[in-house]
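Read off the chains here:
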Amino acid sequence: MKNITAERILRLKAESAFFVLQKAKTLEKQGFNVIHFEIGEPDLDTPEHIKEAAVKALKEGYTHYTPSPGIPELREAIADNIREEFGVDYTPEEVMVTPSGKTAIFYALVSIVEEGDEVIVSTPSFPAYESVVRFLNAKPVFIELKEEEDFRLKPENVESKITSKTKAIVINSPHNPCGSILTKNDVEGLADLALKHDLMLITDDVYHKLIYDGFKHESVASIPDVKDRTILINSLSKTYAMTGWRVGYIAANKELINHMVVLQNNVVSCIPSFIQKASITALKGPQDFIKRMAEEYKRRRDAIVDGLNKIEGFSCRKPLGAFYAFVNVKRIGLEDTELVEYLLKEAKVATLHGSAFGYGGEGYLRFSYATSMEKIKEGLERIKEAVEKLTERDA
Ligand SMILES: Cc1ncc(COP(=O)(O)O)c(C=O)c1O
């Protein structure tokens, strides 16, 4: 029999979080109580009024296909939301509803990247960027995010990596896995590079509402000069605790959106109609939930960062956004992958190795603090004890 798989499909990679989760689930099946810090999703439930809107829509018969780019009312609600949040004008025709932020990343890269192109991506970074760039037979060009530079994608580090083949820069702020945010200077510098070198900017802003300590979200999407070369990716997953609903959006120039609409038409036709109706309620309804959620994450961030820094061999900068703590564990003397295995086995605590996000993450662990305060405290105690055992063993 001929080789049945196309070569391109072998270039795609799944996220490591799922593999760690599987191992943790196996332990749970054996009766162990596992604390989960590996999963990047809110533990808080979707607000009731959004759920009710979905049920109402189902009962009203929103059970059929919709236009591929989305229900006009939802595209309008998204355009309004972008105006409020990013201060830029997008028409509903420059917006497309997508089945998740992840799909939006895929659509964006598939629509602009040619074989052989180079795409600038930070390392560490959300794994789908590298995976999809490789899938397209293009080359990810990595910029290492440095702890001493607050894990920021600094324009001066990017410029030296730009070549005649560079097509786009992928930007993500607040950042997964580092929890870092970009400054106004950073985004202006990246926008200048795009203009100077004729590049596209893909900005993944799915954590834009999760920023702490009074900092403001800065995005290239707010810079009018680069609007026609910016693809804004966002999602309702994190902002409205709607990860399981799978709804996101892309905003870009109309021509690109029209191509992506054809792509979406070929893949899913449209996003489920009752979910689109509920998404209108999410965007147009009460927003106070978001503030309360962000305050709760901030409380947890303070507790986890404080606790992690009390563990011998761990050091953690205070993340300013998203819900991840990215902890330097180089002093422990194990590979990050080995430490993840050890903590799961010894402490029954699931974490994620930094190298799951690229070589720039080696020597770090990512902790998602989208879990209860109680679990955070219990998990930290267990880790402290397990790490002490490790040091005693090596003494
Ligand atoms: C940086 C980043 N972008 C995009 C996504 C995708 O989010 P979703 O597909 O749930 O909208 C995630 C999810 O964890 C993420 O961390």
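Residues numbered from 1 in each chain as written. Predicted model: local features only at pLDDT ≥ 70, side-chain atom pairs only at ≥ 80, totals over all residues.

(A) Focus on the overall build of the protein. A tally of regular secondary structure across the protein gives 12 helices and 13 strands. The C-alpha radius of gyration of the protein comes to 21 Å, within 12% of the 21 Å expected for a compact globule of 395 residues. Along the three orthogonal principal directions, the C-alpha set of the protein runs to about 65 × 60 × 55 Å. Expressed as a percentage of the 395 residues in the protein, the buried residues total 49%. Within the protein, contacts between residues at least 6 apart in sequence are counted, and of these 74% link residues at least 24 apart. (Helix = DSSP H or I, 4+ residues; strand = E, 2+ residues; numbered from the N terminus. Rg over C-alpha atoms; globule rule 2.2 N^0.38 Å. Buried ≥ 20, exposed ≤ 12 C-beta atoms within 10 Å, placed from the backbone. Contact = placed C-beta atoms within 7 Å.)

(B) Representation of the sheet that holds strand S12 (residues 352–353) within the structure. Reading across from one edge, S9-S10-S13-S12 is the order of the four strands in this open sheet, with antiparallel pairing throughout. Each edge of the open sheet carries a strand with a single partner, namely strand S9 (315–316) and S12. Relative to strand S13 (residues 364–368), S12 runs antiparallel, the two sharing two bridges. In the strand pairing of S13, His353 is matched with Leu365. (Pairing = 2+ DSSP bridges.)

(C) Quick peek at the site of the ligand. The local shell around the ligand holds 13 residues, among which Ser100, Gly101, Lys102, Ser235 and Ser237 are the closest. Its residues assigned to classes, the shell around the ligand comprises two nonpolar, nine polar and two charged. (Near = placed C-beta within 6 Å. Nonpolar A, V, L, I, M, F, W, Y, C, P; charged D, E, K, R; others polar.)

(D) Broad picture of helix H7 (residues 184–197). Here H7 is 14 residues long and its end C-alpha atoms lie 20 Å apart, about the 20 Å a rise of 1.5 Å per residue gives. Taken together, the buried positions of H7 are occupied by Asp186, Val187, Leu190, Ala191, Leu193 and Ala194. Each buried residue of H7 sits inside an arc of 155 degrees when the element is viewed along its axis, so together they form one side. Summarising the geometry of H7, the exposed residues directed more than 90 degrees from the buried face are Lys184, Asn185 and Lys196. Contacts from the buried residues of H7 go to helix H6 (155–159), strand S5 (166–172) and strand S6 (200–204). Positive phi appears at Asp198, one or two residues downstream of H7, with a value of about 55 degrees. (Expected span 1.5 Å × (residues − 1). Arc of directions from axis to C-beta.)

(E) Broad picture of the packing of helix H4 (residues 101–112) against helix H8 (residues 254–267). One way to put it is that H4 packs onto H8 with a least axis distance of 10 Å and a crossing angle of 115 degrees. The angle between the axes of H4 and H8 places the two elements in the roughly perpendicular class. The interaxial crossing formed by H4 with H8 has right-handed handedness. Facing Tyr107, Val110 and Ser111 of H4, the residues of H8 in contact are Leu256, His259, Met260, Leu263 and Gln264. Here the residues of the contact of H4 with H8 are counted per class, giving five nonpolar, three polar and no charged. (Axes fitted to C-alpha atoms, helices over the stretch in contact; angles between N-to-C directions. Parallel < 35°, antiparallel > 145°, perpendicular 65-115°, else oblique. Left-handed = near helix turned anticlockwise from the far one by under 90°.)

(F) Examining the sheet that holds strand S7 (residues 230–235) more closely. Pairing in this open sheet of seven strands is mixed, and the strands run S2-S8-S7-S6-S5-S3-S4 from one edge to the other. At either end of the open sheet lies a strand with only one pairing partner, and these are strand S2 (95–98) and strand S4 (139–144). Ignoring which end each strand starts from, the neighbouring axes of this sheet average 20 degrees apart. Bridge analysis of strand S3 (residues 118–123) against S4 gives six bridges, and the strand direction is parallel. Bridge pairing in S4 places Val121 opposite Phe142. The sheet contacts of helix H3 (residues 72–86) involve S2 and strand S8 (248–251), and relative to S2 the element is tilted by about 110 degrees. Together, S5 and S6 form the strand contacts of H7, whose direction differs from that of S5 by roughly 170 degrees.

(G) Representation of the nonpolar core. With 121 residues, the main nonpolar core has Ala108, Ala168, Ile169, Leu190, Leu201, Ile250 and Val327 as its most contacted residues. Domain assignment of the residues forming this core places at least three in each of domain 1 (7–46 + 289–394) and domain 2 (50–284). Leaving out residues up to four positions away in the same chain, Ile169 has contacts with Ile120, Val158, Leu190, Ala194, Leu199 and Leu201. (Core = buried A, V, L, I, M, F, W, Y, C linked by C-beta atoms within 7 Å. Domains from an automatic or database assignment.)

(H) Just the domain arrangement of the protein, in detail. Each assigned domain of the protein is listed with its residue range as follows: domain 1 (7–46 + 289–394) and domain 2 (50–284). Look at where the C-alpha atoms of domain 1 and domain 2 centre, and you get two points 26 Å apart. Counting residues at the interface gives 35 residues for domain 1, matched by 38 residues for domain 2. Going through the elements one at a time, helix H10 (288–309) and strand S10 (324–328) are the ones with two or more residues in the side of domain 1 that touches domain 2. Counting residues per element, the side of domain 1 that touches domain 2 draws most heavily on H10, which supplies six residues. Tallied by class, residues from the side of domain 1 that touches domain 2 come to 17 nonpolar, eight polar and 10 charged.

(I) Up close: the environment of Ser122. By the secondary structure assignment, Ser122 is in strand S3. Residue classification places Ser122 among the buried positions, given that 27 C-beta atoms sit within 10 Å. Between the C-alpha atoms of Ser122 and Asn172, which are 50 residues apart in sequence, the distance is 8.8 Å.

(J) Region of interest: unusual backbone geometry. Of the consecutive residues Thr123 and Pro124, the connecting peptide bond is found in the cis state with omega at 5 degrees. Relative to the assigned elements, Pro124 resides in the loop between S3 and helix H5 (127–135). Geometrically, the link from Ser173 to Pro174 is a cis peptide bond, its omega value of -10 degrees lying close to zero. Here Pro174 lies in the loop between S5 and H7.

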